Amino acid sequence: MLSYQHAYHAGNFADVHKHLAMFAVQRNLLRKKSSVTYVDTHAGRGFYPLADPESQRLKEHEKGVLPLWRERAALIGNKGSDEGLVGEWLSELSRAQGANARQLTHYPGSPWWLAQGLRHEDKLHLFELHPGEQQHLEAQPLPHDAYRHHGDGLVGLQRMLPVATPRLCVLIDPSYERKQEYAEVAETLAFVARKARHAVVLIWYPLLPAGRHQGLLDDVRQAGLRKLWCSELRLHSPQKEHGMYGSGLLLFNPPWGLDQQIENAMQRVVACLGDEARHRGFWWVGE
């Protein structure tokens, strides 16, 4: 099934959650000199004009990145600490707007965020299966060490292991339009853990009333994996039979201290997202 196009959801609260956490992970990885291979298994277009018809159809950015953007002066002014992570992230987002950095006109996807921290010794591999999305991704200006692959990201990731660099960081964020994807993601994580046991892996999952993400979490625990931390951002309580009410992240081998960094940052985020917004972080499996 190749119907999903993220342009309809660009800049929503789940993007804020996912990309802010990814930004925090990369910031931690860059503290060491050894090179990193980054893999984005479901890259999408990489860059989204918010005035495009797709983004304007649902306008999900208005309940996601826009409330933080409106508070950016105060948030950017608090840079230099864990609490200032949101401000640093918003400073990067301002750069993505081009010449007029005061207006939020574009939202960058994960390829853009990962590319910003890419050093000459690092590598970035971007996978996208949807042919239309892949064409958009090919058109994006990215560093020469960003390799675009048209294909299944989970299969591609497994084929490229082990990588040549000392470290590996993976972002896995499928649409989960197929129920089988939850099990496929869990199997992929188990494979990565066998081939690159020190890899840092971020897995995004939706919080839906059906609760299918619980099967994913149970599968990875039953696989015997350790060091699994979860971050869940809820925009509101589940009220309907269908519809995403929250965003989840499962982090395998999170860098030391990352859990508290994300906890602090998410408290800033929920303060901007409304009275019903909540965040909770918890170790699914510890040491």
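The coordinates are above.
First things first, this report covers the structure right here in the doc. What you see is a predicted model; the values in this text were computed from it and never measured.

### Some words on the overall build of the protein chain
Then, in step 1: The secondary structure content of the protein chain amounts to 11 helices and 10 strands.
Then, in step 2: A compact globule built from 287 residues would reach a C-alpha radius of gyration of about 19 Å, and the protein chain, at 18 Å, matches this within 12%.
Then, in step 3: C-alpha atoms of the protein chain, sized along the principal axes, occupy 45 × 45 × 40 Å.
Then, in step 4: Counting across all 287 residues of the protein chain, residues that qualify as buried make up 56%.
Then, in step 5: Taking the average place of the 33 positive charges on the side chains of the protein chain and the average place of its 32 negative ones, the gap between the two points comes to 4 Å.

### Quick word on the packing of aromatic side chains
Then, in step 1: Taken as a whole and judged by the stated rule, the model has 6 aromatic pairs.
Then, in step 2: Aromatic side chains Phe 23 and Trp 113 sit 6.3 Å apart centroid to centroid with 75 degrees between the ring planes, which places their arrangement in the edge-to-face category. Within this pair, whereas Phe 23 is found in helix 1 (residues 13–29), its partner Trp 113 is found in helix 6 (residues 110–116), the two being separated by 90 residues in sequence.
Then, in step 3: Assessed through its relative accessible area of 16%, Phe 23 is described here as buried.
Then, in step 4: An angle of 45 degrees between the planes, with centres 6.1 Å apart, marks the rings of Tyr 176 and Trp 204 as tilted.

### Quick word on the pattern of salt bridges
Then, in step 1: For the structure shown, the criterion picks out 10 salt bridges.
Then, in step 2: A salt bridge links Arg 178 to Glu 184, with the nearest nitrogen and oxygen atoms 2.9 Å apart.
Then, in step 3: The network of salt bridges with shared partners includes Asp 15, Lys 18 and Asp 173.

### Re the sheet that holds strand 4 (residues 123–128)
Then, in step 1: With mixed pairing, the 8 strands of this open sheet are ordered in space as 5-4-1-6-7-9-8-10. In this open sheet, the two strands that pair with only one neighbour each are strand 5 (146–150) and strand 10 (278–285). With strand direction ignored, the average angle separating the axes of adjacent strands in the sheet is 15 degrees.
Then, in step 2: In terms of strand pairing, strand 7 (residues 200–207) meets strand 9 (residues 246–252) through 7 bridges, oriented antiparallel. By the bridge assignment for strand 9, Leu 207 is matched with Gly 246.
Then, in step 3: In the packing of helix 9 (residues 180–195) onto the sheet, the strands contacted are strand 6 (167–172), strand 7, strand 8 (228–234) and strand 9, and the crossing angle to strand 7 comes to about 170 degrees.

### Quick look at the environment of Ser 247
Then, in step 1: If you trace the backbone, Ser 247 turns up in strand 9.
Then, in step 2: Judged by relative accessible area, Ser 247 falls into the buried class, the value being 0%.
Then, in step 3: With 137 residues separating them in the primary sequence, Ser 247 and Ser 110 have C-alpha atoms 16 Å apart.
Then, in step 4: If near-sequence neighbours (up to four positions away) are discounted, Ser 247 is found in contact with Phe 13, Ala 14, His 17, Trp 204, Tyr 205, Leu 207, Ser 231, Glu 232 and Leu 233.
Then, in step 5: There is a polar contact of 2.8 Å between the side chain of Ser 247 and the side chain of Trp 204.

### Things to note about the packing of helix 1 against helix 5 (residues 85–95)
Then, in step 1: Relative to each other, helix 1 and helix 5 sit at 100 degrees, their axes nearing to 10 Å. Classified by the angle between their axes, helix 1 and helix 5 sit roughly perpendicular to one another. For the pair formed by helix 1 and helix 5, the contact residues are Val 16, His 19, Leu 20, Phe 23, Ala 24 and Arg 27 on the first element and Leu 85, Val 86, Glu 88, Trp 89 and Glu 92 on the second.
Then, in step 2: When grouped by side-chain class, the residues that make up the contact of helix 1 with helix 5 number 7 nonpolar, 1 polar and 3 charged.

### As for the environment of His 136
Then, in step 1: If you trace the backbone, His 136 turns up in helix 7 (residues 131–138).
Then, in step 2: You can call His 136 partly exposed: its relative accessible area is 36%.
Then, in step 3: Residues His 136 and Val 39, 97 residues apart in the sequence, show an inter-C-alpha distance of 18 Å.

### Points about helix 9
Then, in step 1: Look at helix 9: 23 Å from first C-alpha to last across 16 residues, which is about the 22 Å you get at 1.5 Å a residue.
Then, in step 2: When we look at burial in helix 9, the residues that qualify are Glu 181, Tyr 182, Val 185, Ala 186, Thr 188, Leu 189, Ala 190, Phe 191, Val 192 and Ala 193.
Then, in step 3: Summarising the contacts, the buried residues of helix 9 are in contact with helix 8 (153–159), strand 6, strand 7, helix 10 (213–222), strand 8 and strand 9.

### Some thoughts on helix 5
Then, in step 1: Along helix 5, 9 of the 11 residues are buried, which leaves the element largely enclosed by surrounding structure.
Then, in step 2: Those residues of helix 5 that fall on the buried side of the exposure criterion are Leu 85, Val 86, Gly 87, Trp 89, Leu 90, Ser 91, Glu 92, Leu 93 and Ser 94.
Then, in step 3: Taken together, the buried residues of helix 5 touch helix 1, helix 3 (65–70), helix 4 (72–76), strand 3 (106–108), helix 6 and helix 11 (258–273).

### What to know about the side chain of Thr 188
Then, in step 1: Looking at the secondary structure, you find Thr 188 in helix 9.
Then, in step 2: Setting aside residues up to four positions removed in sequence, Thr 188 forms contacts with Leu 154, Leu 157, Gln 158 and Ile 172.

### Some points on the environment of Pro 162
Then, in step 1: Inspection of the secondary structure assignment puts Pro 162 in the loop between helix 8 and strand 6.
Then, in step 2: What makes Pro 162 exposed here is its relative accessible area of 58%.
Then, in step 3: Distance in space between the C-alpha atoms of Pro 162 and Lys 59 is 40 Å, their sequence separation being 103 residues.

Rules of the game
Residues numbered from 1 in each chain as written. Predicted model: local features only at pLDDT ≥ 70, side-chain atom pairs only at ≥ 80, totals over all residues. Heavy atoms only, no water. Helix = DSSP H or I, 4+ residues; strand = E, 2+ residues; numbered from the N terminus. Rg over C-alpha atoms; globule rule 2.2 N^0.38 Å. Buried < 20%, exposed > 50% of the residue type's maximum accessible area, 1.4 Å probe, protein only. Lys, Arg positive; Asp, Glu negative; His and termini not counted. Charge placed at Lys NZ, Arg CZ, Asp CG, Glu CD. Phe/Tyr/Trp six-rings, centres within 6.5 Å; stacked < 30°, edge-to-face > 60°. Salt bridge = Lys/Arg side-chain N within 4 Å of Asp/Glu carboxyl O. Pairing = 2+ DSSP bridges. Axes fitted to C-alpha atoms, helices over the stretch in contact; angles between N-to-C directions. Contact = heavy atoms within 4.5 Å. Polar contact = N/O pair within 3.5 Å; in protein donor to acceptor, adjacent residues only side chain to side chain. Parallel < 35°, antiparallel > 145°, perpendicular 65-115°, else oblique. Nonpolar A, V, L, I, M, F, W, Y, C, P; charged D, E, K, R; others polar. Expected span 1.5 Å × (residues − 1).

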